[in-house]
Amino acid sequence: MTAYLCPPAVIHGEHAVKTSEIVAEVSARHPQAAWAPRIGSIAAGTGIESRGWMLPLESAVAPGRGGALRGAGTGPAQQALLREGFSQQDVDRVIASLEALPTAQTVQERTAPAWEAVQAYGERAARGALQAAGLDASDVDCLITSHSTTPALPGLDVTLADRLPLRDDVMLLPATQWACIAGTRSLALAADLVAADPDRVVLVVISEALSTTYQSADDTLESLIVRLLFADTAVAAVVTGRPRPQALLRLDSAWHHTLPGTRDLHRLETRADGTHFVMDRRGPRAVQQTVTAMWDWLAERYREDPGSWHPDVLLAHPGGTRVLEYMEQTMPDTWPSGLLDHSRASYTSGNRGGAAVFDILRRAQDAGRQKPGDRAVLYAAAPGLTATALEGEWL
């Protein structure tokens, strides 16, 4: 497999949401929670002081429209009260009080504006990636998209086909359930596509509004951590089968790994008030198993040169700092230090899910420390638990 990756476009959420704002909102809403006395240290432990969202924090915590009578309607409620002998004046007063009661937003109220933002951000990222590759929308032969947190049909692929616009014979490949693995797995798929046809041009676009998992009513520790971690980002990049002057990285091989019996460790659930991301504390240990398996794959790939080969840049989205620490602890002592610096830098402004690897790649590019011939490894793990890694060479 040989594919060429052009520089990614990265569009961060334009609304800065400070950790201190989240702490204040959650503390006021859940003062009696078991974790309330420790919320400051829990927040500090994430290492995240601010993250960018596509929509402001106020949109996530605002009450739903329609008050307590949203489901039943005011008409039936008025009739019921009048039948019980209440005066019209009393009925009006009761109805007004019920309509004023705050209620949780519905799935539609929460998701609809986020979906609009995901489409707009995705379009901006796509245009940026095409510009970076020196290509036009008419040059695209295949579009791969992912947006796990805002389910829609038709999805982002059809939106971009209309807005860019793309040719009507472009192959559209939506992958809305890849989640955190979208960055590496989309590149692996794109590499397979251009290997089959080297003249093919593949555009990858990932746009995630992870802030839609911010659920104000939840008082579990896991929900608190979710609220503190996630950021919104749209990314895009072009993959080709022929070398291009703009190409940043050559992709040489891909690896996939899925752990059986782990599908319930991390998951998205859709409830009456929207999307909830459910975490299990066993998750990091399971992700560590995929890291170990990746090291084994790399050792086998370079078994003829085990003493001297090492990655010069490691672009890893494992989902949290504990796994980054595990990666460092399990690297050979002869490998260079600081391989995960760009991954750590990305994480300090939030977990970007499937967009993370492209953001980390962009940070490595902007740092300018890589030179032609440097070996690169890209890795990500996602709910499933499943992982994909790629290995290639800096151009």
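Residues numbered from 1 in each chain as written. Predicted model: local features only at pLDDT ≥ 70, side-chain atom pairs only at ≥ 80, totals over all residues. Heavy atoms only, no water.

### A few points about the packing of aromatic side chains
Alright, step 1. For the structure on display, the rule yields six aromatic pairs.
Alright, step 2. Here the aromatic rings of W255 and W297 are separated by 6.0 Å at their centres, their planes lie at 20°, and the arrangement is stacked. One end of the pair, W255, is in strand β9 (residues 249-258); the other, W297, is in helix α10 (residues 283-301), with 42 residues separating them in the sequence. For the pair W255 and W297, one class covers both residues: buried.
Alright, step 3. Chaining the aromatic ring pairs together yields one cluster made of W295, Y302, W309 and W335.
Alright, step 4. Against the face of Y121 rests R124, its NZ or CZ located 5.2 Å from the ring centre.
Alright, step 5. Here the guanidinium or amino end of R227 rests over the ring plane of Y214, the centre of that ring lying 5.6 Å away. (Phe/Tyr/Trp six-rings, centres within 6.5 Å; stacked < 30°, edge-to-face > 60°. Helix = DSSP H or I, 4+ residues; strand = E, 2+ residues; numbered from the N terminus. Buried < 20%, exposed > 50% of the residue type's maximum accessible area, 1.4 Å probe, protein only. Lys NZ or Arg CZ within 6 Å of the ring centre and 35° of its normal.)

### Digging into helix α6 (residues 107-133)
Side chains of residues three or four places apart in an α-helix project in the same direction, reflecting 3.6 residues per turn.
Alright, step 1. The end-to-end C-alpha distance of α6 is 38 Å, a good match for the 39 Å that 27 residues give at a rise of 1.5 Å each.
Alright, step 2. Among the residues trailing α6, G134 stands out with phi positive, at a value near 70°. (Expected span 1.5 Å × (residues − 1).)

### What to know about the nonpolar core
Alright, step 1. One finds I144, L187, V202, V239, L378 and W394 to be the most contacted residues of the largest nonpolar core, which totals 39 residues.
Alright, step 2. Among the elements that line this core, the one with the most residues is helix α8 (residues 182-196), at seven residues.
Alright, step 3. In this structure W394 touches L248, L249, V313, L361, A364, Q365, Q370, K371, P372, G373, D374 and A376, once residues within four positions along its chain are discounted.
Alright, step 4. Within the second largest apolar cluster, 31 residues are counted, among which are W115, L166, A234 and V238. (Core = buried A, V, L, I, M, F, W, Y, C linked by side-chain atoms within 4.5 Å. Contact = heavy atoms within 4.5 Å.)

### Side note on the pattern of salt bridges
Alright, step 1. Counting across every chain of the model gives 20 salt bridges.
Alright, step 2. Taking the shortest distance from any N to any O, the salt bridge between R352 and D359 comes out at 3.5 Å. Across the pair, D359 and R352 agree in class, each one buried.
Alright, step 3. Across the pair E391 and R375 runs a salt bridge, and its minimum N-O distance is 2.4 Å. With E391 in strand β14 (residues 386-394) and R375 in strand β13 (residues 375-382), this pair connects stretches of sequence that are 16 residues apart. Like R375, E391 is buried. (Salt bridge = Lys/Arg side-chain N within 4 Å of Asp/Glu carboxyl O.)

### Comments concerning the layout of surface pockets
Alright, step 1. Counted as a void, the largest pocket has a volume near 730 Å³.
Alright, step 2. Forming the walls of the largest pocket are 30 residues, and the residues nearest its centre are I225, L229, M279, P284 and G319.
Alright, step 3. Looking at the lining of the largest pocket, the elements with two or more residues in it are α2 (39-46), α9 (221-229), α10, α11 (321-330) and β13.
Alright, step 4. For the lining of the largest pocket, the class distribution of residues is 17 nonpolar, eight polar and five charged.
Alright, step 5. Reported here for the second largest pocket is a volume of approximately 520 Å³.
Alright, step 6. Lining the second largest pocket are 27 residues, with S148, T176, Q177, A179 and L268 sitting closest to its centre.
Alright, step 7. Residue assignment for the lining of the second largest pocket shows that the elements contributing at least two residues are β10 (267-271) and β11 (274-278). (1 Å grid on protein atoms, 1.4 Å probe; cavity = no way out; pocket = protein on both sides within 12 Å on 5 of 7 lines; lining within 4 Å. Points joined across faces, edges and corners; volume = space filled by probe spheres on them. Nonpolar A, V, L, I, M, F, W, Y, C, P; charged D, E, K, R; others polar.)

### Things to note about empty space enclosed by the protein
Alright, step 1. Throughout the structure, instances matching the rule amount to one cavity of 30 Å³ or more.
Alright, step 2. Taken together, A316, H317, P318, L324, S343, S346, Y347, G350, N351, R352, A356 and I360 make up the lining of the largest cavity.
Alright, step 3. Secondary-structure elements contributing two or more residues to the lining of the largest cavity are β12 (313-317), α12 (341-347) and α13 (356-367).
Alright, step 4. If you tally residues by element for the lining of the largest cavity, the top one is α12, at three residues.

### A short note on unusual backbone geometry
Alright, step 1. Between L153 and the following residue, P154, the backbone shows a cis peptide bond with an omega angle of -5°.
Alright, step 2. By secondary structure assignment, the location of P154 is in the loop between β5 (142-146) and α7 (156-163).
Alright, step 3. In this structure, the amide linkage connecting L164 to the following residue, P165, adopts the cis form with an omega of -15°.
Alright, step 4. By secondary structure assignment, the location of P165 is in the loop between α7 and β6 (171-174).
Alright, step 5. Here A179, not a glycine, exhibits a phi torsion of approximately 55°, which is positive.
Alright, step 6. Note on placement: A179 falls in the loop between β6 and α8.

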